[in-house]
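# Fold and geometry: a report
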Amino acid sequence: MDTAPQHPARKTARKPTQAVLAQYALSGNQAFRLAHRVSDAVNSLRIRLAKRWDFVPQTIAYQGYGSTTRVRVLGRVLLTQKPLPGSRAEQEAKIGNQNIRGWRAFTGVPLQFTDVEITIGDVVTHMTADRGGLIDTEVDVRLSPGWHTAVLRAEGTEPAEALIQVIAPEVKFGIVSDIDDTVMVTALPRPFLALWNTFVLSERARMATPGMAVLLDRLTIEHPDAPVIYLSTGPWNAAPTLGRFLTRNMYPKGALLLTDWGLTQDRWFRSGQEHKRRNLERLAQEFPDMRWLLIGDNGQHDEAIYSAFAAENADKVAAIAIRQLSVSESVFAGGHSEDGDHTSSRVPWIYSPDGAGIAKQLAMLDLLRG
C-alpha cells in the first residue's frame, strides 16, 4: 500500500474562482433559485452556530477506486463536533466501536465550495467541494494494481487518508450491490420507518441480511481482484455508519456510492433511481471490459434499473441476483415488485430470499464453486 507524503496545510483559505463557481450555476425558474438561496442562507446560519458551539472543520475520506491511469476520489468537508479528549466517545472513535444514534450523523454542517488538496503518491491536485461539501473527482495518476492511499486535506483540517483500489486491466469481473434490504435489513421505502431507521435507531440495531456477508466473502475469495461497489440511495451523512456496519458484519471492503437528499443544481429533489442508473453507466465506461454481478432486492426499483442497464449492456453483466423480501419485509417496504419474466433476457436472473440461495444459483452459472 502506498502512503502519500504529508504536507503542511496552508494558513489561508483559497477562495473559489469564478470559473469554479460557474460550474455550480443554478438552472430553473425563480422559485427554484429562491429555494437555493434559502438553503444556502440556512447552511450559513448553521455554520455560524456550529462555530459558536466549537465545531471544527474536518475532512472525511471515503474509499475510492479506479484504473491504473485514473482513480475516483471521494470525501466530504464538514464542521463536526469532536469528542472530548480522554472521553469514552474518543476511545470508541479511535477503535471504530461507536454505537451512535442515527440523528448524530446529520449534525455535521457542510462546508461549501472549499478548496481540497488531494495527494496520491507524488501527484498533488486541487478541487472544490460542491454545495454539500462533497468531494467526488477523478485524478489522473499512474498506479500499480492493488491498494493505494490518497490523502485529502481541506483548509484548516487534519489530513484524511482514503484507500483506493486500483483495478488491473485484465480483471474482468466485478460486483455491484445495493445496501438497504439487500445486505442490511431495513424498511427504507416507508416514510415513517425511514425516518426512524435513519435518525433514531442505534446503528447496532440494524441487522445483516442472512447469508449475504458469506456470499460476498466467497465471491471475493474466488475473485480476489474483483472490485466491490456498494451502490445505494442512502445519504452521504450515513457513510461512516454504513462503513462500520459493513466491517462489523464481515462484508468485504468496497467503495460506497451514496447520494444526498434535497436540492440539486437543476432539480427540486435528488432521484435515487437516476443516481443508480448514472453510476452503473459510469462504471461501464470506466471499465469497458468488466462484467458485473448486480445484486439488489425486489422492494424498490433495483429490478427495473438493472433490467434497463442489462438491455443496453448485456455484455457487461455477468448475472443479476435479486433478494426476495419476506412477507413482513414487503409490508414494511410498502409492497414489492413482481418477479418479472426474464426468459428473453440475454443475462441470467437469480431470485432467492437469502445469500445461501443466491450462492447455489451462482454456482450453477460457474460464478462460484459449488
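Residues numbered from 1 in each chain as written. Predicted model: local features only at pLDDT ≥ 70, side-chain atom pairs only at ≥ 80, totals over all residues. Heavy atoms only, no water.

## Description of the overall build of the protein chain
Looking only at helices and strands, one finds 10 helices and 16 strands in the protein chain. Looking at the protein chain alone, contacts between residues at least 24 apart form 74% of all its contacts between residues at least 6 apart. By element, 55% of the accessible surface of the protein chain is carried by carbon and sulfur atoms, the whole surface being about 18300 Å². (Helix = DSSP H or I, 4+ residues; strand = E, 2+ residues; numbered from the N terminus. Contact = heavy atoms within 4.5 Å. Areas by Shrake-Rupley, 256 points an atom, 1.4 Å probe, with all protein chains shown as cover.)

## Re the pattern of salt bridges
Summed over the entire model, instances satisfying the criterion amount to 11 salt bridges. With its nearest N and O atoms 3.5 Å apart, the salt bridge here joins Glu-274 to Arg-277. Note that Glu-274 and Arg-277 are positioned in helix α7 (residues 272-286) at a spacing of 3 residues, about one turn of the helix. The exposure class of Glu-274 is partly exposed, given its relative accessible area of 31%. Across the pair Glu-286 and Arg-282 runs a salt bridge whose closest N-O atoms are separated by 3.0 Å. In this pair, Glu-286 and Arg-282 both sit in helix α7, 4 residues apart, roughly one turn of the helix. Each of Arg-70, Glu-138, Asp-140, Arg-282 and Glu-286 takes part in one network of salt bridges that share partners. (Salt bridge = Lys/Arg side-chain N within 4 Å of Asp/Glu carboxyl O. Buried < 20%, exposed > 50% of the residue type's maximum accessible area, 1.4 Å probe, protein only.)

## Comments concerning the pairing of strand β13 (residues 255-259)
For β13, the buried fraction is high: 5 of the 5 residues fall into the buried class. Relative to β13, strand β12 (residues 228-235) runs parallel, the two sharing 4 bridges. Of the residues in β13, the one forming a bridge with Pro-235 is Thr-259. Handedness of the crossover joining β12 and β13 through helix α6 (residues 239-248): right-handed. (Pairing = 2+ DSSP bridges. Right-handed = clockwise from strand over helix to strand, strands pointing away.)

## Structural notes on the sheet that holds β13
Sheet strands associate in pairs through backbone hydrogen bonding, adopting either a parallel or an antiparallel arrangement. Pairing is parallel across the open sheet formed by 6 strands, whose spatial order is β13-β12-β9-β14-β15-β16. With one partner strand each, in any of the chains shown, β13 and β16 (349-352) form the two edges of the open sheet. Neighbouring strand axes in the sheet, compared pairwise and without regard to direction, differ in orientation by 20 degrees on average. Sheet analysis places strand β14 (residues 291-297) next to strand β15 (residues 317-323), joined by 6 bridges and oriented parallel. (Axes fitted to C-alpha atoms, helices over the stretch in contact; angles between N-to-C directions.)

## With respect to the packing of aromatic side chains
Given two aromatic rings, one states the distance between the centres and the angle between the planes to describe the pair. Taken as a whole, this structure holds 5 aromatic pairs when the rule is applied. Relative to Trp-236, the ring of Tyr-62 lies with its centre 4.8 Å away and its plane at 15 degrees, an arrangement referred to as stacked. Placement of the pair is Tyr-62 in strand β1 (residues 56-66) and Trp-236 in the loop between β12 and α6, with a sequence separation of 174 residues. The two residues Tyr-62 and Trp-236 agree in class, both being buried. Summarising the aromatic geometry, the rings of Phe-245 and Tyr-251 are spaced 6.3 Å apart at their centres and angled 25 degrees between planes, so their arrangement reads as stacked. Residue classification places Phe-245 among the buried positions, given a relative accessible area of 2%. An aromatic cluster of at least three residues, connected via ring pairs, comprises Tyr-65, Phe-287 and Trp-292. Lying over the aromatic face of Trp-147, Lys-253 brings its terminal NZ or CZ to 4.1 Å of the ring centre. (Phe/Tyr/Trp six-rings, centres within 6.5 Å; stacked < 30°, edge-to-face > 60°. Lys NZ or Arg CZ within 6 Å of the ring centre and 35° of its normal.)

## Observations regarding α7
Helical geometry note: an α-helix holds 3.6 residues per turn, so side chains three or four residues apart project in the same direction. A rise of 1.5 Å per residue sets the reference length of α7, with its 15 residues, at 21 Å; its end C-alpha atoms lie 21 Å apart and thus fit the reference within 8%. Listing the buried residues of α7 in full gives His-275, Lys-276, Asn-279, Leu-280, Leu-283 and Ala-284. Projected onto a plane normal to the axis of α7, the buried residues spread over an arc of 165 degrees and lie on a single side. (Expected span 1.5 Å × (residues − 1). Arc of directions from axis to C-beta.)

## Some points on the nonpolar core
Core analysis: the biggest nonpolar cluster contains 65 residues, and Val-176, Leu-219, Tyr-251, Leu-294, Ile-320 and Leu-362 have the highest contact counts within it. Once you skip the residues sitting within four places of it in the chain, Leu-362 turns out to touch Leu-215, Leu-219, Leu-293, Ile-350, Leu-367 and Leu-368. Within the second largest apolar cluster, 24 residues are counted, among which are Val-109, Met-127, Leu-143 and Ile-164. (Core = buried A, V, L, I, M, F, W, Y, C linked by side-chain atoms within 4.5 Å.)

## What to know about helix α8 (residues 302-312)
The set of residues buried in α8 consists of Asp-302, Glu-303, Ile-305, Tyr-306, Phe-309 and Ala-310. Burial along α8 is one-sided: seen end-on, the buried residues are contained in an arc of 165 degrees. Opposite the packed face of α8, turned more than 90 degrees from it, sit the exposed residues Ala-304, Ala-311 and Glu-312. Where α8 is buried, its residues meet β9 (173-177), α7, β14, β15 and β16.

## What about the packing of helix α5 (residues 212-222) against helix α10 (residues 355-364)?
In contact at an axis separation of 7 Å, α5 and α10 are set at 30 degrees when each is read in the N-to-C sense. Relative to α10, the element α5 is oriented roughly parallel. Handedness of the α5/α10 crossing: right-handed. For the pair formed by α5 and α10, the contact residues are Met-212, Leu-215, Arg-218 and Leu-219 on the first element and Gly-355, Ile-358, Ala-359 and Leu-362 on the second. Of the residues assigned to the contact of α5 with α10, the class counts are 6 nonpolar, 1 polar and 1 charged. (Parallel < 35°, antiparallel > 145°, perpendicular 65-115°, else oblique. Left-handed = near helix turned anticlockwise from the far one by under 90°. Nonpolar A, V, L, I, M, F, W, Y, C, P; charged D, E, K, R; others polar.)

## Digging into unusual backbone geometry
Backbone geometry at Asp-181 places phi at a positive 70 degrees, although glycine is not the residue there. Summarising the element assignment, Asp-181 is placed in the loop between β9 and β10 (184-185). Positive phi is not limited to glycine here, since Asp-366 has a value of about 65 degrees. With respect to the helices and strands, the residue Asp-366 is situated in the segment after α10. Relative accessible area serves as the criterion here: at 68%, Asp-366 is assigned to the exposed category.

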